[in-house]
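# Observations on the model geometry
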Amino acid sequence: MCGISGIVHSENFGRNLLNSIRNLEYRGYDSCGVAVIQNGKIDLRKNIGGIDDVNLKERLDQMQGKIGIAHTRWATHGSVTQENAHPHLSANRKFAVVHNGIISNYQQLRERLLSEGVCFESLTDTEVFVNLLEKSFAESNDLEQAFLTALQQIEGSFSIVMLSSHDPEHLYCVKKESPLLLGLGEGCNYVGSDINAFLEYTRKAVVLDEGEYVILGPNDYQIRSLKTGKKVNKSVLQIDWDLETSKKGGYSHYMLKEIFDEPQTVRQAMQIPKEQISAIAEMFDGSSRSYLMGVGTTYYVACISQYYISTIADRYYSALSSDEFSVVDIHKGDMVLAISQSGETYDTKTALVNAKDCGAQTAAIVNVMGSTISMMVDHVIMQGSGPEICVVSTKAALAQTFIMVRVALELGLIRGRITKKVYQKYQRDLEEFPEIVEKILNEQSGFVRNIARDTSHVEHWLFLGCGVYYPVAMESALKMKEVTYQHAEGMPAGFLKHGTLSMVESAVHSLFFVPPPEQKELHERTLIAMEQVKSRGGTVIALIFQGDDRAQGLASQSVKIPPVSTLFAPLIQMIIAQMFAYYAALDLGRNIDKPRNLAKSVTVG
Ligand code: F6R
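I will try to describe carefully the structure that is included in this document. (Residues numbered from 1 in each chain as written. Predicted model: local features only at pLDDT ≥ 70, side-chain atom pairs only at ≥ 80, totals over all residues. Heavy atoms only, no water.)

## Quick notes on the overall build of the protein
The secondary structure content of the protein amounts to 17 helices and 24 strands. Taken over the C-alpha trace, the protein has a radius of gyration of 26 Å; the compact-globule value for 605 residues is 25 Å, and the two agree within 12%. When its C-alpha atoms are laid out on the principal axes, the protein stretches across 80 × 50 × 45 Å. Here the protein, with 605 residues, has 62% of them falling under the buried criterion. Only carbon and sulfur atoms are counted for the fraction: they give 47% of the accessible area of the protein, which is about 22,700 Å². Once the 58 positive and 69 negative side-chain charges of the protein are each reduced to a mean point, those two points are 1 Å apart. (Helix = DSSP H or I, 4+ residues; strand = E, 2+ residues; numbered from the N terminus. Rg over C-alpha atoms; globule rule 2.2 N^0.38 Å. Buried < 20%, exposed > 50% of the residue type's maximum accessible area, 1.4 Å probe, protein only. Areas by Shrake-Rupley, 256 points an atom, 1.4 Å probe, with all protein chains shown as cover. Lys, Arg positive; Asp, Glu negative; His and termini not counted. Charge placed at Lys NZ, Arg CZ, Asp CG, Glu CD.)

Here it is, written out as structure tokens:
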């Protein structure tokens, strides 16, 4: 799980290579490195730390030239050390390689190379590959042939970019199960793990498919199939992501900026053509059994969707965490909907591959264009939320949930569970939603910030809700844990009395997600739990809707949200809880955009 990048320029790429890995840093940030050809030789510098740290130590900004590769790492094979950082050089220093993914048979290959006298500097699978290259070149004296021969020997999932002093005009790239895209500029071409690698320099991209390799020059590129060796013609995509949306735009953290992007993100989700949404609803309707799948936040999005689909369309679909998906026996005719921001998450990809193998229909909601999941399913909805740089998912998760509400409404209509009139009323609500989100963000952030400051010292939280507010509480607890490192446990409010209530005392705080009073049954059940906590001396904080005096009376502090359609009340609380986690983490001085131990795109199992 790493970011890789390469540039071939007809003149000098200046600092563009360094900037490109800076823009990929969210994919991994424990070490990084750059290799360029200078005076016919490969100059390699790498070290542990984030890009700015390593730049200070190694002066990466001085590494300029016409051709180079760079890498930002999140360790998988071998610990975080300078030796294990990428790029990796072959023993004769004539080949350098950056790699994302896993070479599964690297141990056998390493042993073979060791027995042939190769010395290794690192413990990585990548260094094995770069030495295979050197050996293959010694036999064929042909760089393309050497690249292919080395590739034939490795198994697993990988995207690789190779630089060699034998050909200072071209980069050699390959994609297999890990993402890789080309960026096409004027007198300059790029390769990267995702669009952020080159979005600053070009809007033209080519998405590589499985098993394709590329020889990339400054003015030309040739894509071929590894299997057949035949040339492949690909269409060039025009990227419409706004560069500003991928920058911090004046906010102190990407997380806050991305929360404040949410009105726009929801607008984008509303622009997705109805036919695309209906196509998923029809797939659900036509399947014998359907599943909703994601992992981490996207699992909670799946759980929230489960409640919406059940209440609006009267269909109950299991929501499953992708890493647990193997417990299900999938049959032909089943339908699996995957939700993934990055489109590269290993657990979700693996579950989808299995589902496809068993004959299921597959669909996905994905944010990253050209990502593996977006290309492997029968039907994909690109959510269009723009780059999400903060490691924790906020705007992407909200947009996914909004899209799923749209799916639930289409399904409700198809199944005759809601009338055309009700459907139309909800469509009007959907259209108003972006403005409501804007208003809530502007008006509530101050109140949320105050409560977050007052309570940031709290080490144990219970996040409690009923009905759809229960998965919202779970997702919100995950946000809290991720950015504050404090313990937060999401659970159904009614579940509390079946055990967890014994923990309650004044130091343990409970955050209640209280539905609007018109959702009578859910509201009543939530208030009962609030009373249970309060009467045991627990501290009650509540997200309530204005005018709910009963709930307010039970809480020591509350965020009072202006009335909204019950369709959106859970989503609004989800946004408020994102802000709550953000401000608590800010007060605690946490590394908000890159919480410890986490990476944005989890492409390993
Ligand atoms: C939490 C978070 C993670 C991801 C999970 C799936 O804030 O971001 O839990 O939701 O790793 O990632 P994607 O959505 O890229 O498949």
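## Describing the sheet that holds strand 19 (residues 379-382)
Read from one edge to the other, the open sheet built from 5 strands follows the order 16-15-17-18-19, with strand pairing classed as parallel. Each edge of the sheet is formed by a strand with only one pairing partner; in this case those strands are strand 16 (318-321) and strand 19. Sheet twist, expressed as the mean angle between neighbouring strand axes with direction ignored, is 20 degrees. By the bridge criterion, 6 bridges tie strand 17 (residues 335-340) to strand 18 (residues 361-366) in an arrangement that is parallel. Within strand 18, the position partnered with isoleucine 339 by the bridge is isoleucine 365. Across the sheet, helix 10 (residues 346-357) touches strand 15 (290-294), strand 17 and strand 18, and the angle it forms with strand 17 is around 165 degrees. Packing of helix 12 (residues 395-414) onto the sheet brings it into contact with strand 15, strand 17, strand 18 and strand 19, and relative to strand 17 it is tilted by some 150 degrees. (Pairing = 2+ DSSP bridges. Axes fitted to C-alpha atoms, helices over the stretch in contact; angles between N-to-C directions. Contact = heavy atoms within 4.5 Å.)

## Observations concerning the site of the ligand
The environment of the ligand is formed by 13 residues, the closest being Ser340, Gln341, Ser342, Thr345 and Glu482. Within the side chain of serine 340, a nitrogen or oxygen atom sits 2.6 Å from an oxygen atom of the ligand. When the free accessible area of the ligand is taken as 400 Å², the share hidden by the protein chains comes to 90%. Those elements that place two or more of their residues in the shell around the ligand are helix 9 (297-313) and helix 14 (469-484). (Near = heavy atom within 4 Å. Polar contact = N/O pair within 3.5 Å; in protein donor to acceptor, adjacent residues only side chain to side chain.)

## So, the nonpolar core
Counting residues in hydrophobic clusters, the biggest one holds 113 residues, and the most contacted among them are Phe284, Phe512 and Met530. For this core, the element with the most residues is helix 17 (residues 569-588), which contributes 14 residues. A domain split of this core shows at least three residues from each of domain 2 (265-418) and domain 3 (442-605). Not counting chain neighbours up to four residues away, the residues in contact with methionine 530 comprise Phe512, Val514, Val540, Ala542, Ala551, Leu554 and Ala555. Residues Val97, Ile103, Leu109 and Leu148 belong to the second largest nonpolar core, which totals 28 residues. (Core = buried A, V, L, I, M, F, W, Y, C linked by side-chain atoms within 4.5 Å. Domains from an automatic or database assignment.)

## Thoughts on the side chain of glutamine 341
Here glutamine 341 shows up in the loop between strand 17 and helix 10. Looking at glutamine 341, the relative accessible area reads 11%, which means it is buried. Within the structure, the side chain of glutamine 341 is placed 3.0 Å from the side chain of asparagine 367, a separation counted as a polar contact. Aside from chain neighbours lying at most four places away, what touches glutamine 341 is Thr298, Val366, Asn367, Val368, Glu388, Ala396, Gln400 and Lys600.

## Remarks on the packing of aromatic side chains
A complete count under the given rule lists 16 aromatic pairs for this structure. Geometrically, the ring pair formed by phenylalanine 284 and tyrosine 317 is stacked, given 4.7 Å between the ring centres and 20 degrees between the ring planes. Placement of phenylalanine 284 in helix 8 (residues 274-286) and of tyrosine 317 in the loop between helix 9 and strand 16 is noted, with a sequence separation of 33 residues between them. You'll find phenylalanine 284 and tyrosine 317 in the same group, each marked buried. Of the aromatic side chains, those joined through ring pairs into one cluster are Trp461, Phe463, Phe513 and Phe580. Here the guanidinium or amino end of arginine 110 rests over the ring plane of phenylalanine 120, the centre of that ring lying 4.7 Å away. Against the face of tyrosine 485 rests arginine 596, its NZ or CZ located 4.0 Å from the ring centre. (Phe/Tyr/Trp six-rings, centres within 6.5 Å; stacked < 30°, edge-to-face > 60°. Lys NZ or Arg CZ within 6 Å of the ring centre and 35° of its normal.)

## Brief notes about the pattern of salt bridges
Tallied over the entire structure, the rule returns 23 salt bridges. Two residues, lysine 594 and glutamate 25, come together in a salt bridge whose shortest N-O distance is 3.3 Å. One end of the pair, lysine 594, is in the segment after helix 17; the other, glutamate 25, is in the loop between helix 1 (16-22) and strand 2 (31-38), and 569 residues separate them in sequence. Take glutamate 25: its relative accessible area is 11%, and that puts it in the buried class. (Salt bridge = Lys/Arg side-chain N within 4 Å of Asp/Glu carboxyl O.)

## Regarding the state of the cysteines
Any covalent bond linking the sulfur atoms of two cysteines counts as a disulfide. Counting across every chain of the model gives 0 disulfides. Counting only cysteine sulfurs, cysteine 32 is the nearest neighbor of cysteine 2, a cysteine outside any disulfide, at a range of 11 Å. Cysteine 2 gets classed as buried once you look at its relative accessible area, which sits at 6%. Cysteine 173 carries a free sulfur, and the closest cysteine sulfur to it, the one in cysteine 188, is 13 Å from it. (Disulfide = S-S within 2.5 Å.)

## Focus on unusual backbone geometry
Peptide bonds are trans in most cases, and residues, glycine excluded, mostly fall at negative phi. Residue proline 87 follows histidine 86 across a cis peptide bond; omega there is -5 degrees. Among the secondary structure elements, proline 87 is positioned in the loop between strand 4 (67-73) and strand 5 (88-89). The phi angle at arginine 59 is positive, at roughly 50 degrees, despite the residue not being glycine. You can see arginine 59 is positioned in the loop between helix 2 (51-58) and strand 4. Since its relative accessible area comes to 39%, arginine 59 is described here as partly exposed. In this structure, arginine 93 takes a positive phi of about 60 degrees despite not being glycine.

The analysis is restricted to geometry; functional conclusions fall outside its scope.
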